[in-house]
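Observations on chain architecture
These are the residues of each chain, in order.
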Amino acid sequence: METKDIILELRTKKGYSQDELAEKLFVTRQAVSRWENGETVPNTETLKLLSKLFDVSINTLLGSPRTLICQCCGMPLEDENISKEPDGDFNEDYCKWCYTDGKFIYTSAEQLIDFLVEHMSNKDFPPEQARAYFSESIPKLKHWQK
(Lines give C-alpha, C1' and ligand atoms only; values in the text may rest on other atoms or scores of the structure.)
Protein backbone atom coordinates (compact mmCIF):
# COMPACT_ATOMS: atom_id res chain seq x y z
CA MET A 1 0.00 0.00 0.00
CA GLU A 2 1.24 3.51 -0.76
CA THR A 3 1.63 6.35 1.75
CA LYS A 4 -1.32 8.22 0.22
CA ASP A 5 -3.64 5.25 0.77
CA ILE A 6 -2.35 4.59 4.27
CA ILE A 7 -2.93 8.18 5.41
CA LEU A 8 -6.42 8.21 3.92
CA GLU A 9 -7.27 4.87 5.56
CA LEU A 10 -5.93 5.89 8.97
CA ARG A 11 -7.68 9.27 8.81
CA THR A 12 -11.05 7.77 7.90
CA LYS A 13 -10.70 5.00 10.55
CA LYS A 14 -10.27 7.71 13.18
CA GLY A 15 -13.23 9.62 11.72
CA TYR A 16 -11.20 12.76 11.02
CA SER A 17 -11.97 15.11 8.17
CA GLN A 18 -9.02 16.49 6.23
CA ASP A 19 -9.53 19.79 8.12
CA GLU A 20 -9.44 18.01 11.51
CA LEU A 21 -6.30 16.08 10.62
CA ALA A 22 -4.65 19.23 9.30
CA GLU A 23 -5.41 21.05 12.54
CA LYS A 24 -3.91 18.26 14.65
CA LEU A 25 -0.74 18.30 12.53
CA PHE A 26 -0.44 22.09 12.22
CA VAL A 27 -0.65 21.97 8.42
CA THR A 28 -3.23 23.09 5.88
CA ARG A 29 -6.12 20.99 4.61
CA GLN A 30 -4.52 21.32 1.17
CA ALA A 31 -1.37 19.61 2.47
CA VAL A 32 -3.45 16.66 3.68
CA SER A 33 -5.24 16.57 0.33
CA ARG A 34 -1.92 16.53 -1.55
CA TRP A 35 -0.67 13.61 0.60
CA GLU A 36 -3.85 11.66 -0.03
CA ASN A 37 -3.69 12.36 -3.77
CA GLY A 38 -0.08 11.20 -3.87
CA GLU A 39 1.24 14.58 -5.00
CA THR A 40 3.56 14.89 -1.98
CA VAL A 41 4.65 12.96 1.10
CA PRO A 42 4.73 14.45 4.61
CA ASN A 43 8.11 15.69 5.81
CA THR A 44 9.99 13.87 8.56
CA GLU A 45 8.60 15.93 11.44
CA THR A 46 5.04 15.49 10.17
CA LEU A 47 5.60 11.74 9.76
CA LYS A 48 6.61 11.65 13.43
CA LEU A 49 3.39 13.45 14.38
CA LEU A 50 1.31 11.12 12.20
CA SER A 51 3.06 8.12 13.75
CA LYS A 52 2.17 9.28 17.24
CA LEU A 53 -1.37 10.33 16.34
CA PHE A 54 -2.27 7.06 14.61
CA ASP A 55 -0.01 4.85 16.80
CA VAL A 56 1.76 3.29 13.82
CA SER A 57 5.43 3.30 12.88
CA ILE A 58 6.88 5.64 10.27
CA ASN A 59 7.80 2.48 8.37
CA THR A 60 4.08 1.64 8.19
CA LEU A 61 3.18 5.17 7.08
CA LEU A 62 5.66 4.86 4.23
CA GLY A 63 4.12 1.58 3.07
CA SER A 64 6.57 -0.70 4.93
CA PRO A 65 9.44 -0.19 2.48
CA ARG A 66 11.88 -1.95 4.82
CA THR A 67 11.57 -5.26 6.59
CA LEU A 68 12.45 -4.36 10.16
CA ILE A 69 14.00 -6.76 12.65
CA CYS A 70 14.87 -6.21 16.28
CA GLN A 71 18.55 -5.30 16.46
CA CYS A 72 18.80 -7.07 19.81
CA CYS A 73 17.06 -10.45 19.29
CA GLY A 74 16.43 -10.62 15.50
CA MET A 75 12.64 -10.92 15.69
CA PRO A 76 10.65 -9.41 12.78
CA LEU A 77 9.08 -6.10 13.83
CA GLU A 78 5.50 -5.04 13.27
CA ASP A 79 3.67 -2.07 14.77
CA GLU A 80 2.28 -4.24 17.58
CA ASN A 81 5.69 -5.29 18.87
CA ILE A 82 7.95 -2.31 18.07
CA SER A 83 9.35 -0.69 21.21
CA LYS A 84 8.54 2.85 22.19
CA GLU A 85 10.60 5.51 23.84
CA PRO A 86 9.43 6.95 27.18
CA ASP A 87 7.85 9.89 25.26
CA GLY A 88 5.74 7.46 23.17
CA ASP A 89 7.75 7.67 19.94
CA PHE A 90 8.38 4.36 18.17
CA ASN A 91 11.93 3.00 18.29
CA GLU A 92 12.09 1.02 15.05
CA ASP A 93 15.34 -0.71 16.03
CA TYR A 94 13.99 -2.89 18.83
CA CYS A 95 11.04 -5.02 19.89
CA LYS A 96 9.13 -4.18 23.05
CA TRP A 97 10.49 -7.31 24.74
CA CYS A 98 14.14 -6.26 24.37
CA TYR A 99 13.76 -2.52 24.94
CA THR A 100 11.07 -0.91 27.07
CA ASP A 101 10.70 2.39 28.92
CA GLY A 102 14.06 3.51 27.57
CA LYS A 103 15.93 0.50 28.96
CA PHE A 104 17.30 -2.73 27.55
CA ILE A 105 16.08 -5.93 29.19
CA TYR A 106 19.09 -8.13 28.39
CA THR A 107 22.47 -7.13 29.79
CA SER A 108 24.47 -9.58 27.68
CA ALA A 109 24.12 -11.57 24.49
CA GLU A 110 24.66 -14.75 26.55
CA GLN A 111 21.67 -13.88 28.77
CA LEU A 112 19.49 -13.33 25.68
CA ILE A 113 20.72 -16.55 24.02
CA ASP A 114 19.94 -18.55 27.18
CA PHE A 115 16.41 -17.10 27.20
CA LEU A 116 15.88 -17.78 23.49
CA VAL A 117 17.15 -21.36 23.72
CA GLU A 118 14.85 -22.04 26.68
CA HIS A 119 11.79 -20.60 24.94
CA MET A 120 12.39 -21.32 21.26
CA SER A 121 13.74 -24.85 21.21
CA ASN A 122 11.40 -27.76 20.54
CA LYS A 123 11.53 -31.26 19.04
CA ASP A 124 12.19 -29.84 15.55
CA PHE A 125 14.66 -27.22 16.84
CA PRO A 126 16.55 -28.96 19.69
CA PRO A 127 18.41 -26.88 22.30
CA GLU A 128 21.86 -27.62 20.81
CA GLN A 129 20.74 -26.49 17.36
CA ALA A 130 18.96 -23.43 18.79
CA ARG A 131 22.05 -22.41 20.79
CA ALA A 132 24.30 -22.79 17.73
CA TYR A 133 21.90 -20.74 15.58
CA PHE A 134 21.45 -17.93 18.12
CA SER A 135 25.17 -17.88 19.03
CA GLU A 136 25.92 -17.31 15.34
CA SER A 137 23.19 -14.75 14.54
CA ILE A 138 22.74 -12.62 17.68
CA PRO A 139 26.28 -11.13 17.75
CA LYS A 140 25.75 -9.82 14.18
CA LEU A 141 22.88 -7.54 15.26
CA LYS A 142 23.60 -3.84 15.75
CA HIS A 143 22.95 -3.81 19.52
CA TRP A 144 25.61 -6.41 20.24
CA GLN A 145 28.30 -4.88 18.01
CA LYS A 146 28.93 -1.99 20.40
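Preceding block: the structure.
About the cut-offs
Counting restarts for each chain, with residues numbered from 1 along the sequence as it is written. Thresholds applied to this predicted model are a pLDDT of at least 70 for local features of residues and 80 or more for the giving and counting of side-chain atom pairs; totals over whole chains, interfaces and linings are not thresholded and use all residues. Think of the side-chain values as coming from all heavy atoms in the structure, minus any hydrogens and water. Numbering of helices and strands runs from the N terminus, with a helix taken as a DSSP run of H or I at least four residues long and a strand as a DSSP run of E at least two residues long. C-alpha atoms define the radius of gyration, and 2.2 Å times the number of residues to the power 0.38 defines the globule rule. Residue burial is assigned from relative accessible area. The probe radius is 1.4 Å, only protein chains are included, and a residue is buried under 20% of its type maximum, exposed over 50%, and partly exposed in between. Computed with a 1.4 Å probe, the accessible areas rest on the Shrake-Rupley method; for each residue, only the protein chains presented here act as cover. In this tally, Asp and Glu contribute negative charge and Lys and Arg positive charge; neither His nor the terminal groups of the chain are included. To locate a charge, take NZ of a lysine, CZ of an arginine, CG of an aspartate or CD of a glutamate. Residue contacts are defined here by distance: any two heavy atoms, one from each residue, within 4.5 Å place the two residues in contact. In this description, a disulfide is simply a cysteine sulfur pair whose atoms lie within 2.5 Å. Any two rings among Phe, Tyr and Trp, with Trp reduced to its six-membered ring, count as a pair given centres within 6.5 Å; such a pair is stacked if its planes are under 30 degrees apart, edge-to-face if over 60, and tilted if neither. Counted as over-ring charges are cases with an Arg CZ or a Lys NZ within 6 Å of the ring centre that also lie within 35 degrees of the ring normal. Here the axes come from fitting lines to C-alpha atoms, over the contacting stretch only for helices, and the angles between their N-to-C directions go from 0 to 180 degrees. Any angle that falls under 35 degrees is termed roughly parallel, while one over 145 is termed roughly antiparallel, one within 65 to 115 roughly perpendicular, and all others oblique. Crossing chirality is assigned from the near helix's rotation relative to the far helix, an anticlockwise turn below a right angle marking it left-handed and a clockwise turn marking it right-handed. Under the scheme applied here, ten amino acids are nonpolar (Ala, Val, Leu, Ile, Met, Phe, Trp, Tyr, Cys and Pro), four are charged (Asp, Glu, Lys and Arg), and all others, including Gly, are polar.

A word on the overall build of the protein chain. Broken down by element type, the protein chain carries seven helices and four strands. For the protein chain, the succession of helices and strands along the chain, N to C, is α-α-α-α-α-β-β-β-β-α-α. Scaling as 2.2 N^0.38, a compact globule of 146 residues should have a C-alpha radius of gyration of about 15 Å, whereas the protein chain reaches 19 Å, well beyond that. Summarising its shape, the C-alpha atoms of the protein chain cover approximately 60 × 30 × 25 Å along the three principal directions. Within the protein chain, buried positions represent 37% of all 146 residues. Here the protein chain has roughly 8900 Å² of accessible surface; of this, 51% comes from carbon and sulfur atoms. The positive charge centre, built from 18 side chains, and the negative charge centre, built from 25, are 2 Å apart in the protein chain.

Attention now moves to the side chain of Ser83. Relative to the helices and strands, Ser83 resides in strand 1 (residues 82-84). Setting aside residues no more than four positions away along its own chain, Ser83 makes contact with Asp89, Phe90, Asn91, Tyr94, Cys95, Lys96 and Tyr99.

What the rule picks out here adds up to zero disulfides. There is no disulfide at Cys70, and the cysteine sulfur nearest it, in Cys73, is 3.8 Å away. The exposure class of Cys70 is buried, given its relative accessible area of 0%. Unpaired in this structure, Cys73 has its nearest cysteine sulfur neighbour in Cys98, at a distance of 3.7 Å.

Before going further, it helps to examine the packing of aromatic side chains. Summed over all chains, the structure comprises eight aromatic pairs. A ring pair is formed by Phe125 and Tyr133, whose centres lie 6.2 Å apart and whose planes are at 70°; its orientation type is edge-to-face. Consider the rings of Phe125 and Phe134, whose centres lie 6.1 Å apart with planes at 80°: the pair is edge-to-face. An aromatic cluster is present here, built from Tyr94, Tyr99 and Phe104 joined pairwise through their rings. Just above the ring of Phe90 sits the side chain of Lys84; from NZ or CZ to the centre is 4.9 Å.

Attention shifts here to the packing of helix 2 (residues 18-25) against helix 4 (residues 44-54). Any two packed helices are characterised by how steeply their axes cross, that is the angle between the axes, and by the distance between the axes. Where helix 2 meets helix 4, the axes come as close as 10 Å, and the angle between the chain directions of the two elements is 115°. Between helix 2 and helix 4, the interaxial angle falls into the category roughly perpendicular. Considering only the axes of helix 2 and helix 4, their crossing is right-handed. Across the interface between the two elements, Leu21, Lys24 and Leu25 from helix 2 touch Thr46, Leu49, Leu50, Leu53 and Phe54 from helix 4. Grouping the constituent residues of the contact of helix 2 with helix 4 by class yields six nonpolar, one polar and one charged.

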